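The residues making up each chain are set out below.
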Amino acid sequence: MERHGIPFVVSAPSGTGKTTICRAVVSRDPDIVFSVSHTTRAPRSGERDGVDYHFVSREEFLRLVGEGAFLEHAEYRGQLYGTSWAAIDAPLRAGRDVLLEIEVQGARQVRLRRPDARFVFLLPPSFEALEQRLRGRGTESEELIARRLAVARQELGEVEHYDYVVVNEELERAIESLLSIVRAERAGRGAELRPSLGREAALRRVGPALGLGAGAPGRPGPGPAV
Ligand code: 5GP
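Residues numbered from 1 in each chain as written. Predicted model: local features only at pLDDT ≥ 70, side-chain atom pairs only at ≥ 80, totals over all residues. Heavy atoms only, no water.

1. Concerning the overall build of the protein chain
- When its secondary structure is counted, the protein chain shows nine helices and nine strands.
- Each principal axis of the C-alpha atoms in the protein chain carries an extent, and together these give about 55 × 45 × 30 Å.
- For the protein chain, with 226 residues in total, the buried portion stands at 49%.
- In the protein chain, the proportion of contacts linking residues at least 24 apart, taken out of those at least 6 apart, comes to 70%.
- With an accessible surface of roughly 11100 Å², the protein chain has 52% of that area assigned to carbon and sulfur atoms. (Helix = DSSP H or I, 4+ residues; strand = E, 2+ residues; numbered from the N terminus. Buried < 20%, exposed > 50% of the residue type's maximum accessible area, 1.4 Å probe, protein only. Contact = heavy atoms within 4.5 Å. Areas by Shrake-Rupley, 256 points an atom, 1.4 Å probe, with all protein chains shown as cover.)

2. So, the packing of aromatic side chains
- Applying the stated criterion to the full structure yields six aromatic pairs.
- A centroid spacing of 6.1 Å and a plane angle of 85° characterise the contact between Phe-119 and Tyr-162, whose relative ring orientation is edge-to-face. Residue Phe-119 is found in strand E8 (residues 118-123), and its partner Tyr-162 is found in the loop between helix H6 (142-156) and strand E9 (164-167); the two are separated by 43 residues along the sequence.
- The exposure class assigned to Phe-119 is buried, which follows from its relative accessible area of 0%.
- Put simply, the rings of Tyr-53, Phe-55, Tyr-76 and Tyr-81 pair up and form one aromatic cluster. (Phe/Tyr/Trp six-rings, centres within 6.5 Å; stacked < 30°, edge-to-face > 60°.)

3. Observations regarding the site of the ligand
- Among the 15 residues in the neighbourhood of the ligand, the closest are listed as Ser-37, Arg-41, Tyr-53, Tyr-81 and Glu-103.
- Computed on the free molecule, the ligand has an accessible area of 510 Å², of which 90% lies beneath the protein chains in the complex.
- Mapping the ligand onto the cavity grids shows that it belongs to the largest pocket.
- Taken together, the elements giving at least two residues each to the shell around the ligand come down to strand E5 (70-76) and strand E6 (79-84). (Near = heavy atom within 4 Å. 1 Å grid on protein atoms, 1.4 Å probe; cavity = no way out; pocket = protein on both sides within 12 Å on 5 of 7 lines; lining within 4 Å. Sits in = over half its atoms within 2 Å of the grid points.)

4. Side note on the side chain of Ser-126
- The topology assignment puts Ser-126 in the loop between E8 and helix H5 (127-136).
- The class of Ser-126 is buried, set by a relative accessible area of 16%.
- From its side chain, Ser-126 meets the backbone nitrogen of Ala-129 in a polar contact 3.0 Å long. (Polar contact = N/O pair within 3.5 Å; in protein donor to acceptor, adjacent residues only side chain to side chain.)

Spelled out as structure tokens, the structure:
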């Protein structure tokens, strides 16, 4: 039988380096592709329609919701984002894995609808590091930064539902970790990564610096129990 691809969901608070890491993984591994989401937000400079996102109006987005076009969708910072079935079905059927870089509410929906999906959370090494990265972007007001930090804290609380946790202490290592997760799952050997990249192992290391408890209840660790 032809191999069916695996959906990999990657979530992280903003300021964790998620986009850089996901792009590097997709460019280094020919068998995983990005799921191109729909969004109502305006394109940023350099972003291309159909490549970075499908940029649509709110009316069009809601019409698609009504048609049942989305695997998941959510509102984030006042804009709608969603993964269409069309974005993932064709590559998965062709035996390619698909990377969904989505926020935590959408990930919850995927968890309910796609038991074959694997969930990876990217963490900053500490809350201070996250704050520095958010501030490092430049010109935003204190009020906006405070709001983003509050959202980030909420998002961090979702980590307990993810199979794997990658800490972005050093970019190259984080990219290699995500690649190793993709390759291990593909080979049906996810359980081998549990001691290094499983949620509980990572939370033991960096949980205290992020105000997160280790070994929080959630899904069992990654991979089949062998
Ligand atoms: P941005 O506007 O910065 O590109 O993305 C904002 C947030 O929306 C990020 O956390 C990103 O991962 C998330 N996001 C992007 N596409 C989707 C999607 O299709 N569904 C959901 N639920 N979140 C998405």
